Amino acid sequence: WDSAHQRCAHVAFHSISSLEGLWVKVGQYLSSRPDIMPGAYLRELSKLQDTVPAHPWSESERTLREELGGRWEEQFSQFDRTPLSTASIGQVYDATLRRSG
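Asks: Hey, could you run me through the packing of aromatic side chains in this one?
Replies: Given two aromatic rings, one states the distance between the centres and the angle between the planes to describe the pair. One pass over the full model with this rule turns up 7 aromatic pairs. Between phenylalanine 76 and phenylalanine 79, the aromatic rings sit 5.3 Å apart at their centres with planes inclined by 80°, giving edge-to-face as the arrangement. One aromatic cluster is present, built from ring pairs that chain together Trp57, Trp72, Phe76, Phe79 and Tyr93. The ring of phenylalanine 13 carries the charged tip of lysine 47 above its face, separated from the ring centre by 5.4 Å.

Asks: Would you explain helix H2 (residues 22-30) in this entry?
Replies: The α-helix winds at 3.6 residues per turn, so residues separated by three or four positions along the chain end up facing the same way. Taken together, the buried positions of H2 are occupied by Val24, Gly27 and Gln28. Angularly, the buried residues of H2 cover 100° about the axis, an arc narrow enough to put them on a single face. Lining the buried residues of H2 we find helix H1 (2-19) and helix H3 (39-45).

Asks: Sorry if this is basic, but what is going on with the nonpolar core here?
Replies: If you look at soluble globular proteins, the nonpolar side chains tend to sit buried side by side. Residues Ala9, Phe13, Ile16, Val24, Met37, Ala40, Tyr41, Leu42, Leu45, Leu48 and Val52 constitute the largest nonpolar core, which totals 11 residues. Elements with a contribution of two residues or more to this core: H1 and H3. Counting residues per element, this core draws most heavily on H3, at 4 residues. Here alanine 9 is in contact with Ala40, Tyr41 and Glu44, once residues within four sequence places are set aside.

Asks: Quick question: what am I supposed to make of the layout of surface pockets here?
Replies: Where empty space is left becomes clear once a probe the size of a water molecule has been rolled over the atoms. A volume near 230 Å³ is recorded for the largest pocket. Where the lining of the largest pocket is concerned, the elements lending two or more residues are helix H4 (57-68) and strand S3 (90-92).

Asks: I would appreciate a short explanation of a nonpolar patch on the surface in the present structure.
Replies: Residues Leu19, Leu22, Trp23 and Val26 make up a contiguous nonpolar surface patch of about 420 Å² in total accessible area. Counting residues per element, the nonpolar patch draws most heavily on H2, which supplies 3 residues. Locating tryptophan 23 in the fold gives a position in helix H2. Note on tryptophan 23: relative accessible area 47%, which makes it partly exposed.

Asks: Would you mind going over the confidence of the model for the protein chain with me for this structure?
Replies: For any part of a model where pLDDT is low, the fine detail of the predicted coordinates should not be relied upon. On average, residues of the protein chain score 89 in pLDDT, and 99% of them are at 70 or above. Here strand S2 (residues 85-87) stands out as the least confident element of the protein chain, with mean pLDDT 81; H3 is the most confident, with 94.

Reading guide: rules and limits
- Residues numbered from 1 in each chain as written.
- Predicted model: local features only at pLDDT ≥ 70, side-chain atom pairs only at ≥ 80, totals over all residues.
- Heavy atoms only, no water.
- Phe/Tyr/Trp six-rings, centres within 6.5 Å; stacked < 30°, edge-to-face > 60°.
- Lys NZ or Arg CZ within 6 Å of the ring centre and 35° of its normal.
- Buried < 20%, exposed > 50% of the residue type's maximum accessible area, 1.4 Å probe, protein only.
- Helix = DSSP H or I, 4+ residues; strand = E, 2+ residues; numbered from the N terminus.
- Arc of directions from axis to C-beta.
- Contact = heavy atoms within 4.5 Å.
- Core = buried A, V, L, I, M, F, W, Y, C linked by side-chain atoms within 4.5 Å.
- 1 Å grid on protein atoms, 1.4 Å probe; cavity = no way out; pocket = protein on both sides within 12 Å on 5 of 7 lines; lining within 4 Å.
- Points joined across faces, edges and corners; volume = space filled by probe spheres on them.
- Patch = residues over 30% accessible without salt bridge, like charges linked within 9 Å, V, L, I, M, F, W, Y side chains within 5 Å.
- Areas by Shrake-Rupley, 256 points an atom, 1.4 Å probe, with all protein chains shown as cover.
- Salt bridge = Lys/Arg side-chain N within 4 Å of Asp/Glu carboxyl O.
- pLDDT = per-residue confidence, 0-100.

Below you can see the structure in the form of structure tokens.
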């Protein structure tokens, strides 16, 4: 059973990672429940606590364009397109607002 659990847990991790958002939250929750999850799942899903893959830049740029307007780049004097951190529902970027006035 152990090898079957390990294989299935690995598949579950990759499936949840690709689904993103709420499913990552579900995986994170399940990774903290040793009372209902076999050890192989706990080990594999616990990777979701600190190893969430980054979203493509195109998705982040689309969100910036929708939220800040079509010329969002003009609002920043510097914007690093490499995320500092990623999470199940967002990413953090290093940027500096342009001074106004």
